[in-house]
Amino acid sequence: MGYFSSPEEVDKYIGEMFRQASDHPQVGPKMRAANVVMKVVYQDPDCEMTVRFADPMETIFGPTAAEPDITLSMPADIADRFWRGKYNLAVGLARSEVKAKGPVNKILKLVPLTKPLFPVYRDLIAQKDAEA
Amino acid sequence: MSDLAATMQAAVFYGPHDVRVEEVPTPDEIGPDEVLLRVERSAICGTDLHPYEGHMELEEGVILGHEFLGTVVETGEAVGQVSAGDVATCACAVSCGACYFCRRGEPGRCAGIRMFGMGMALGDLGGAQSEYVVVPYADRNLRKLPSDATDSQLDSLLLAGDIITTGYEAVKKAFRPGDVVAVVGAGPVGLCAVMSAAVLGASAVVAVDTVPERLKIAESLGATAVTPKEAEDAIADLTGWRGADVVVDAAGHPDALTAIAGYVRMGGTVSIPSVYLQDSLELPWGNFWLKGVNFTMGVTHFNNSMDEVIALIRSGRLDPGRIISHRMPLSQADEAYRLFAAREATKVILDPRS
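Keep in mind it's a predicted model, so treat the numbers as computed, not measured.

1. Side note on the packing of aromatic side chains
1) Next: All chains considered together, the criterion is met by 13 aromatic pairs over all chains.
2) Next: Aromatic rings pair up to connect Phe 18, Phe 53, Phe 82, Trp 83 and Phe 118 of chain A into one cluster.
3) Next: The cationic tip of Arg 20 of chain B hangs over the ring face of Tyr 14 of chain B; the distance from NZ or CZ to the ring centre is 3.9 Å.

Spelled out as structure tokens, the structure:
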């Protein structure tokens, strides 16, 4: 089994990180100004999440009518490794482990904003890791 | 790598107009297909100015620099094309060689393209405005340089990983011998396009810029050098009012693209090596459509053209090193960026050894 035992855990950790990102002093304002809707489709466990990078920022877990500008698809385990700062997205794209569609320039704008969120994610999973 | 110092000097990005030279950890491991290079000289490129001027998002703490040459210190066990002690230059945007696009001979579209010193969005590779740099997919992206290359040739060969190959390919992919080529923007890439057009066999080259010093260099390379105000008439005079066969946009500004509609001939080609990151642009689309203009653009296929460029430099037919205006120690990178951004320097080389 992968790192997340259920779709709800994906929301509990990754979804919660996006919810907290809105108030992050370094990247929150940039994310709220991005005006991009991103959908991420996860496998194992299968689920999807849509993040509206707007003001207010919104994270929707599960199907939604919101039309995404960018769609990413990846195994949830790879998402976990990415948010821990241990996965290179470019290498993942080259290996087709991660797939992306939508305007490349919008993706390029969002990726650099993720790094300051790594510590937020690590804090969120700290207890789950300790219990493993 | 145990005999290397634990830290090295590097130019580190902290935000727009904020580049600091700091001690950072020296890379201490390489993968099987990677090479550790001791950087001998490294350039500041126009692409570095996108984050420096705040036009491109880049996270704090990134070591900048993607145009460089150096000496191989150590190779991974799968590397066969270079050995310790070899001098080599490298494609600034490295391609994997294995993906759909690489297999089709389009390495500039590599699904996992990675660029040194451009942060997580472009593969999280440490930059080469530093004492050491790790090169991935090294057999594919590094080029061993001849041991008898002169110092002046090394200046030119340093640029083979980026601007001269960018300028060369921008002309070559749109071009037939005898064509009239207009180059808009006589910065480093534009000047490289000017000299490439001449080598490839252009019947005439027109360089368009507003900076007198840049126009002087373009003129010394054999181009008719004009301001934007003079350009349309100058091109019309040279072509019997037909227009340029090829127009290279090396300015990277929407105003340039608008002006280009007046420079290019019916059925001509606009080649755009410049970087555009805007969501949308307003362009004279009716004029382009009625002229039946072809567009070609995007990241240069460095691995497809570097060997030609290196051979032309070795033969003395291309000499991009002549546009280098400043040499500065790496420790003065902040001032070097300021000069380059202010267009007070045409091309700056940073020396990590001094």
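Having seen it, we continue.
2. So, the domain arrangement of chain B
All names here are of chain B.
1) Next: Per the domain assignment, the segments of chain B are domain 1 (7-145 + 324-351) and domain 2 (167-297).
2) Next: With centres defined by C-alpha atoms, the gap from domain 1 to domain 2 works out at 28 Å.
3) Next: Contacts between the two partners involve nine residues from domain 1 and, on the opposite side, ten residues from domain 2.
4) Next: Summing both sides of the interface, domain 1 and domain 2 together bury roughly 670 Å²; the carbon and sulfur share of this comes to 59%.
5) Next: The largest share of the area that domain 1 buries against domain 2 comes from His 50, Arg 343 and Thr 346, three residues that together contribute 64% of it.
6) Next: At the surface where domain 1 touches domain 2, the tally comes to zero salt bridges.

3. Some points on the packing of helix α1 (residues 7-21) of chain A against helix α3 (residues 76-83) of chain A
Residues and elements named next belong to chain A.
1) Next: Orientation of α1 relative to α3, taken along the N-to-C sense of each, is 40°, at an axis distance of 12 Å. Considered as vectors, α1 and α3 are oriented oblique to each other. The two elements α1 and α3 meet at a crossing, and its hand is left-handed. Contacts between α1 and α3 involve Val 10, Ile 14, Met 17 and Phe 18 from the former and Ala 76, Ala 79 and Trp 83 from the latter.
2) Next: Of the residues belonging to the contact of α1 with α3, the class tally is seven nonpolar, no polar and no charged.

4. Some words on the interface of chain B and chain A
1) Next: The partner chain A presents 18 residues to the 19 residues of chain B that form the contact.
2) Next: When the two sides are added together, the surface that chain B and chain A hide from each other amounts to roughly 1,400 Å², 60% of it contributed by carbon and sulfur.
3) Next: In terms of surface lost to chain A, no three residues of chain B exceed Glu 57, Met 120 and Ala 121 of chain B, which account for 40% of the buried area on that side.
4) Next: For the pair chain B and chain A, the number of links is three salt bridges.
5) Next: When the shortest N-O distance is used, the salt bridge between Lys 30 of chain A and Glu 57 of chain B registers 2.9 Å.
6) Next: Joining chain B to chain A, the criterion identifies six residue pairs in polar contact (both at pLDDT 80 or more).

5. Describing unusual backbone geometry
1) Next: Between Asp 44 of chain A and Pro 45 of chain A the backbone carries a cis peptide bond, its omega angle lying at 0°.
2) Next: Checked against the element boundaries, Pro 45 of chain A lands in the loop between β1 (36-43) and β2 (47-53).
3) Next: Of note, the amide linkage connecting Asp 55 of chain A to Pro 56 of chain A takes the cis form, showing an omega dihedral of 5°.
4) Next: Backbone geometry at His 17 of chain B places phi at a positive 60°, although glycine is not the residue there.
5) Next: In this structure His 17 of chain B comes out as exposed when scored by relative accessible area, which is 53%.
6) Next: In the Ramachandran plot, Asp 124 of chain B falls in the positive-phi region, its phi being about 60° despite a non-glycine side chain.
7) Next: Position of Asp 124 of chain B relative to the elements: it lies in the loop between β8 (114-115) and β9 (132-135).
8) Next: Under the relative-accessibility criterion, Asp 124 of chain B is labelled partly exposed at 43%.

6. Structural notes on the nonpolar core
1) Next: Core analysis: the biggest nonpolar cluster contains 44 residues, and Ile 164, Val 181, Val 183, Val 248 and Leu 318 of chain B have the highest contact counts within it.
2) Next: Elements with a minimum of two residues in this core: α4 (151-158), α5 (163-172), β11 (180-184), α6 (188-200), β12 (204-208), β14 (244-249) and α11 (302-314) of chain B.
3) Next: For this core, the element with the highest residue contribution is α6 of chain B, accounting for seven residues.
4) Next: Two domains share this core, each providing at least three of its residues, namely domain 1 (7-145 + 324-351) and domain 2 (167-297) of chain B.
5) Next: Formed by 42 residues, the second largest nonpolar core is a distinct cluster that contains Met 49, Met 57, Leu 117 and Phe 118 of chain A.

What counts as what
Residues numbered from 1 in each chain as written. Chains lettered and ligands numbered in written order. Predicted model: local features only at pLDDT ≥ 70, side-chain atom pairs only at ≥ 80, totals over all residues. Heavy atoms only, no water. Phe/Tyr/Trp six-rings, centres within 6.5 Å; stacked < 30°, edge-to-face > 60°. Lys NZ or Arg CZ within 6 Å of the ring centre and 35° of its normal. Domains from an automatic or database assignment. Contact = heavy atoms within 4.5 Å. Buried area = accessible area lost by both parts, 1.4 Å probe. Salt bridge = Lys/Arg side-chain N within 4 Å of Asp/Glu carboxyl O. Axes fitted to C-alpha atoms, helices over the stretch in contact; angles between N-to-C directions. Helix = DSSP H or I, 4+ residues; strand = E, 2+ residues; numbered from the N terminus. Parallel < 35°, antiparallel > 145°, perpendicular 65-115°, else oblique. Left-handed = near helix turned anticlockwise from the far one by under 90°. Nonpolar A, V, L, I, M, F, W, Y, C, P; charged D, E, K, R; others polar. Polar contact = N/O pair within 3.5 Å; in protein donor to acceptor, adjacent residues only side chain to side chain. Buried < 20%, exposed > 50% of the residue type's maximum accessible area, 1.4 Å probe, protein only. Core = buried A, V, L, I, M, F, W, Y, C linked by side-chain atoms within 4.5 Å.

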